[in-house]
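# Report on the structure
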Amino acid sequence: SKELFRDIENIHHYKVNRTLKAGEILKIRDLSPRKLVKYGQKIKVLYKNNSISLQASGLAKSSGSYGQSIDFINVKSKKKVIGKIIDKNTVLVEL
């Protein structure tokens, strides 16, 4: 079913909306994504493709939760970039 929560590997990025009983089936509506990046915060930026992986620093221009895309400024180049939140204070830019 589409309403079941299946992303168990990343469950730590979510908080429970209500009290759950032991053995109860976890549904998407039972969880809310945690804010992993806050506006103005320094973030780690991972630039990746199939053959290379680079790391840089950025400054978040918006807040967001796991899986969301946010704008940030690359600290070194001063350019605005969009990346996907993959962890606390960490954004991925796929090249």
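Structure: see above.
First, a word on scope: everything that follows refers to the structure included in this document. (Residues numbered from 1 in each chain as written. Predicted model: local features only at pLDDT ≥ 70, side-chain atom pairs only at ≥ 80, totals over all residues. Heavy atoms only, no water.)

### Structural notes on the nonpolar core
Judged by nonpolar contacts, Leu-36, Val-37, Ile-43, Val-45, Tyr-47, Ala-60, Ile-70, Phe-72, Val-81, Ile-85, Val-91 and Val-93 together constitute the single largest core of twelve residues. Mapped by element, the contributors of at least two residues to this core are strand 3 (35-37), strand 4 (42-48), strand 7 (69-74), strand 8 (80-87) and strand 9 (90-94). The dominant element in this core, judged by the number of residues it contributes, is strand 4, at three residues. (Core = buried A, V, L, I, M, F, W, Y, C linked by side-chain atoms within 4.5 Å. Buried < 20%, exposed > 50% of the residue type's maximum accessible area, 1.4 Å probe, protein only. Helix = DSSP H or I, 4+ residues; strand = E, 2+ residues; numbered from the N terminus.)

### Considerations on the packing of aromatic side chains
If you walk through the whole model with that rule in mind, you get two aromatic pairs. When the ring of Phe-5 is compared with that of Tyr-14, the centres are 5.1 Å apart and the planes differ by 75°; the resulting orientation is edge-to-face. Given a relative accessible area of 11%, Phe-5 falls into the buried group. What makes Tyr-14 buried here is its relative accessible area of 18%. Measuring from centroid to centroid gives 6.4 Å for Tyr-14 and Tyr-66, while their planes differ by 65°, and the two rings are edge-to-face. Here the residue Tyr-14 occupies a position in strand 1 (residues 14-16), and Tyr-66 occupies one in the loop between strand 6 (64-65) and strand 7, the gap between them amounting to 52 residues. Owing to a relative accessible area of 22%, Tyr-66 belongs among the partly exposed residues under this scheme. Grouped by ring-pair contacts, the aromatic residues Phe-5, Tyr-14 and Tyr-66 constitute a single cluster. (Phe/Tyr/Trp six-rings, centres within 6.5 Å; stacked < 30°, edge-to-face > 60°.)

### What about the side chain of Thr-90?
Along the polypeptide, Thr-90 turns up in strand 9. At 3.0 Å, the side chain of Thr-90 and the backbone oxygen of Lys-88 are in polar contact. Apart from the residues within four sequence positions on either side, Thr-90 is in contact with Val-37, Lys-44, Leu-46, Lys-84 and Ile-85. (Polar contact = N/O pair within 3.5 Å; in protein donor to acceptor, adjacent residues only side chain to side chain. Contact = heavy atoms within 4.5 Å.)

### Section: unusual backbone geometry
Phi angles above zero are rare outside glycine, and Lys-78 is one such case at about 65°. Examined against the element boundaries, Lys-78 turns out to sit in the loop between strand 7 and strand 8.

### Regarding the pairing of strand 8
Two strands pair when backbone bridges link them, and strand 7 and strand 8 are joined in this way by five bridges, in the antiparallel orientation. Note that in strand 8 the partner of Phe-72 across the bridge is Val-81. Note: strand 8 against strand 9, three bridges, orientation antiparallel. Bridge pairing links Asp-87 to Thr-90 in strand 9. (Pairing = 2+ DSSP bridges.)

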